[in-house]
Amino acid sequence: MKILVTGATGYIGKRLIPILINEGHHVVCAVRDALRADKTYLEDEHISIVEADFLKPETLNSIPKDIDVAYYLIHSMSNTSRDFEILEAKCAENFKTYFDDSKLKQTIYLSGITNEENLSKHLQSRKNVEELLVSNTYALTVFKAGIIVGSGSSAFEIIRDLVEKLPVMVAPKWLNTKTQPLAVRDVLAFLSKAKANQELYNKSFDIFGPEILTYKQMLLEFAKIRGLKRYILTVPVMTPKLSSYWLYFVTSTSYKLASTLVDSMGVEIVGKQSDINKILDIKPITYTEAVQLAFEKIEQNSIVSSWKDSMVSSGRLNTNFHKYINVPKYGCFKDFKQRNILDETKTINKIWSIGGTTGWYYGNFLWKLRGYLDKLVGGIGLRRGRTHISELNTGDALDFWRVIFSDKKEKKLLLYAEMKLPGEAWLEFKIEDGILKQTATFRPRGLWGRLYWYSVLPFHGIIFNGMINKLVS
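Nothing here was measured: the structure is a model prediction, and the numbers come from that model. (Residues numbered from 1 in each chain as written. Predicted model: local features only at pLDDT ≥ 70, side-chain atom pairs only at ≥ 80, totals over all residues. Heavy atoms only, no water.)

### Examining the overall build of the protein
Phase 1 of the analysis: Looking only at helices and strands, the protein has 14 helices and 19 strands in total.
Phase 2 of the analysis: With respect to the principal axes defined by its C-alpha atoms, the protein has extents near 65 × 55 × 40 Å.
Phase 3 of the analysis: In the protein, 74% of the contacts between residues at least 6 apart in sequence involve partners at least 24 apart.
Phase 4 of the analysis: Summing over all exposed atoms, the protein offers an accessible surface of approximately 21,300 Å²; the carbon and sulfur share of this is 53%.
Phase 5 of the analysis: Counting 63 positive and 51 negative side-chain charges, the protein places the centres of these two groups 7 Å from one another. (Helix = DSSP H or I, 4+ residues; strand = E, 2+ residues; numbered from the N terminus. Contact = heavy atoms within 4.5 Å. Areas by Shrake-Rupley, 256 points an atom, 1.4 Å probe, with all protein chains shown as cover. Lys, Arg positive; Asp, Glu negative; His and termini not counted. Charge placed at Lys NZ, Arg CZ, Asp CG, Glu CD.)

Following this line, the structure appears as structure tokens:
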């Protein structure tokens, strides 16, 4: 079949595409920016990449009309807009309008469990999208999942941050909220097995794991798996705002994303029973098994996708990467350094391993200090780390940077700063004729931007000199 995957660069989309390809289908990946698509897609004759923004109907003509099955994976925790429910509704309306005049037979939508009357804005938006996707032309299959657990998932990473950093937690009362966690492998099984299954046409199913757990139980079980002794005291006096700050300072999430999560965590996510497991022959694994499998993937360095690479993990960079790939030349401050390379392969490997657990090769305590300061003023800090130890792709999060361009063949890596700054900043590594050229560019915004540059200039001299020396040594 010819299958469309929207949200192809997202957490679920990146994991679903290889499954569909292995089954022999042709996959059309719809992305807002082709630069973010996996480079291996360009080499696969079974994959087509199209640029399409469902907020802009005029861009949708690039999508073929002869699609058999479409996966609607356009979700947003929307830390960049207060009106995210309006934007999500517009995406759904534009999708429906476009495919009402096509050969599309089935749309499969991954939503969230929405069985409570008082839903959070986030869950209510997902419910509205489901209603807007209903069509007389194509069949709609809806899967409503609870908390998704897997390597790189937001739930897994946030729980991991809390458990591994806090021996004792004084936590908000929503930790007693019930939920039914589901392993990401089971989510993918439901999605892949549902295509072209007429028994599922125009139906909605809750999908969930075999256990009903509170968030507190999930934290304690996670700690047990990791061999850690943890104590949790829940208090009724912690307001949503304080809860958001609690998540923000301890975990790798942004404050606005933490606010959205806290809003949703007050709602019970318990699914309604159905025969979907029997229809698709799926037996979801337990929460414990899901966590253990996630750590197996981490230890093998085989994390396919991470929520941290999503644009909503920062909110600073939310437009096409083409806008940032050309580093400005005028009205900017630059710190340029170059060194002769002793071993080009080793230098390239060092560059592509920079940040995260590897660190920045020199003055790591200064990088960490900058991360703490960024966190204090509402930035993302260094806690996002990186998804892979030695691979970087366009769109990846890298501490408080975003990868704008990454090409080992061209020997060039370009990063854009997502920390809180009175201006914009780029960091570029490029190898030409056996010479490593390292350029930090800062485009200041007003007087404060200029004062900022001169205040950090002494530290730049220390950090950037030390870093380039280590990269070529």
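### Focus: the packing of helix α4 (residues 154-165) against helix α6 (residues 215-225)
Phase 1 of the analysis: Put simply, α4 and α6 touch, their axes get as near as 10 Å, and they point 70° apart. Our classification of the angle between α4 and α6 gives roughly perpendicular. Seen along the crossing, α4 lies across α6 with a hand that is right-handed. Here α4 contributes Phe156, Ile159, Arg160, Leu162 and Val163 to the contact with α6, which in turn contributes Met218, Leu219, Phe222 and Ala223.
Phase 2 of the analysis: Per-class residue counts for the contact of α4 with α6 are 8 nonpolar, no polar and 1 charged. (Axes fitted to C-alpha atoms, helices over the stretch in contact; angles between N-to-C directions. Parallel < 35°, antiparallel > 145°, perpendicular 65-115°, else oblique. Left-handed = near helix turned anticlockwise from the far one by under 90°. Nonpolar A, V, L, I, M, F, W, Y, C, P; charged D, E, K, R; others polar.)

### Points about the confidence of the model for the protein
Phase 1 of the analysis: The pLDDT averaged across the protein works out to 86; a share of 91% of its residues lies at or above 70.
Phase 2 of the analysis: Across the protein, the secondary-structure element scoring lowest on mean pLDDT is helix α8 (residues 255-265), at 69, and the one scoring highest is strand β4 (residues 69-72), at 97. (pLDDT = per-residue confidence, 0-100.)

### Structural notes on the packing of helix α2 (residues 84-99) against helix α3 (residues 121-133)
Phase 1 of the analysis: Contact geometry for α2 and α3: axes closest at 9 Å, N-to-C directions at 15°. With respect to α3, the axis of α2 lies roughly parallel. Considering how the two elements wind past one another, α2 and α3 form a crossing that is right-handed. Across the interface between the two elements, Phe84, Glu85, Glu88, Ala89, Ala92, Glu93, Phe95 and Lys96 from α2 touch Lys121, His122, Ser125, Arg126, Val129, Leu132 and Leu133 from α3.

### Some words on the sheet that holds strand β17 (residues 412-417)
Phase 1 of the analysis: Pairing in this open sheet of 6 strands is antiparallel, and the strands run β14-β19-β18-β17-β16-β15 from one edge to the other. Looking at which strands have only one partner, the edges of the open sheet turn out to be β14 (333-340) and β15 (397-398).
Phase 2 of the analysis: By the bridge criterion, 10 bridges tie strand β18 (residues 423-432) to strand β19 (residues 435-444) in an arrangement that is antiparallel. Directly across from tryptophan 426, in β19, lies its bridge partner threonine 441. (Pairing = 2+ DSSP bridges.)

### Observations concerning the packing of aromatic side chains
Phase 1 of the analysis: Scanning the model with the defined rule gives 20 aromatic pairs in all.
Phase 2 of the analysis: For the pair tryptophan 360 and tryptophan 367, a centre-to-centre distance of 4.4 Å together with 15° between the ring planes defines the contact as stacked.
Phase 3 of the analysis: Judged by its relative accessible area of 6%, tryptophan 367 is buried.
Phase 4 of the analysis: Taken together, a centroid distance of 5.5 Å and an interplanar angle of 45° make the contact between phenylalanine 442 and tyrosine 452 tilted. (Phe/Tyr/Trp six-rings, centres within 6.5 Å; stacked < 30°, edge-to-face > 60°. Buried < 20%, exposed > 50% of the residue type's maximum accessible area, 1.4 Å probe, protein only.)

### Quick notes on empty space enclosed by the protein
Phase 1 of the analysis: Per the stated rule, a full pass over the model turns up 1 cavity of 30 Å³ or more.
Phase 2 of the analysis: When its volume is computed, the largest cavity comes out at roughly 30 Å³.
Phase 3 of the analysis: In terms of lining, the largest cavity is formed by Ala8, Thr9, Lys14, Arg36, Ala37, Asp38 and Tyr41.
Phase 4 of the analysis: Within the lining of the largest cavity, the residues separate by chemical class into 3 nonpolar, 1 polar and 3 charged. (1 Å grid on protein atoms, 1.4 Å probe; cavity = no way out; pocket = protein on both sides within 12 Å on 5 of 7 lines; lining within 4 Å. Points joined across faces, edges and corners; volume = space filled by probe spheres on them.)

### So, helix α13 (residues 364-376)
Phase 1 of the analysis: Along its 13 residues, α13 runs 19 Å from first to last C-alpha, staying within 8% of the 18 Å computed at 1.5 Å per residue.
Phase 2 of the analysis: Those residues of α13 that sit buried are Leu366, Trp367, Arg370, Gly371, Asp374 and Lys375.
Phase 3 of the analysis: At the exit of α13 stands glycine 378, carrying a positive phi of roughly 95°. (Expected span 1.5 Å × (residues − 1).)

### With respect to a nonpolar patch on the surface
Phase 1 of the analysis: Where nonpolar side chains cluster on the molecular surface, the patch consists of Tyr245, Phe249, Leu369, Leu373, Leu376 and Val377 and spans about 570 Å² of accessible area.
Phase 2 of the analysis: Ranked by residues supplied to the nonpolar patch, first place goes to α13 with 3 residues.
Phase 3 of the analysis: As for its position among the elements, valine 377 is in the loop between α13 and β15.
Phase 4 of the analysis: By relative accessible area, valine 377 is classed as exposed at 56%. (Patch = residues over 30% accessible without salt bridge, like charges linked within 9 Å, V, L, I, M, F, W, Y side chains within 5 Å. Salt bridge = Lys/Arg side-chain N within 4 Å of Asp/Glu carboxyl O.)

### Things to note about helix α12 (residues 344-351)
Phase 1 of the analysis: For α12, every residue scored as buried is listed here: Thr347, Ile348 and Ile351. Angularly, the buried residues of α12 cover 100° about the axis, an arc narrow enough to put them on a single face. Turned more than 90 degrees away from the buried face of α12, the exposed residues are Thr345 and Lys346.
Phase 2 of the analysis: If you follow the buried residues of α12, they end up packed against β17, β18, β19 and α14 (446-472).
Phase 3 of the analysis: The opening residue of α12 is aspartate 343, an N-cap whose side-chain oxygen sits 3.2 Å from the backbone nitrogen of threonine 345. (Arc of directions from axis to C-beta. Polar contact = N/O pair within 3.5 Å; in protein donor to acceptor, adjacent residues only side chain to side chain.)

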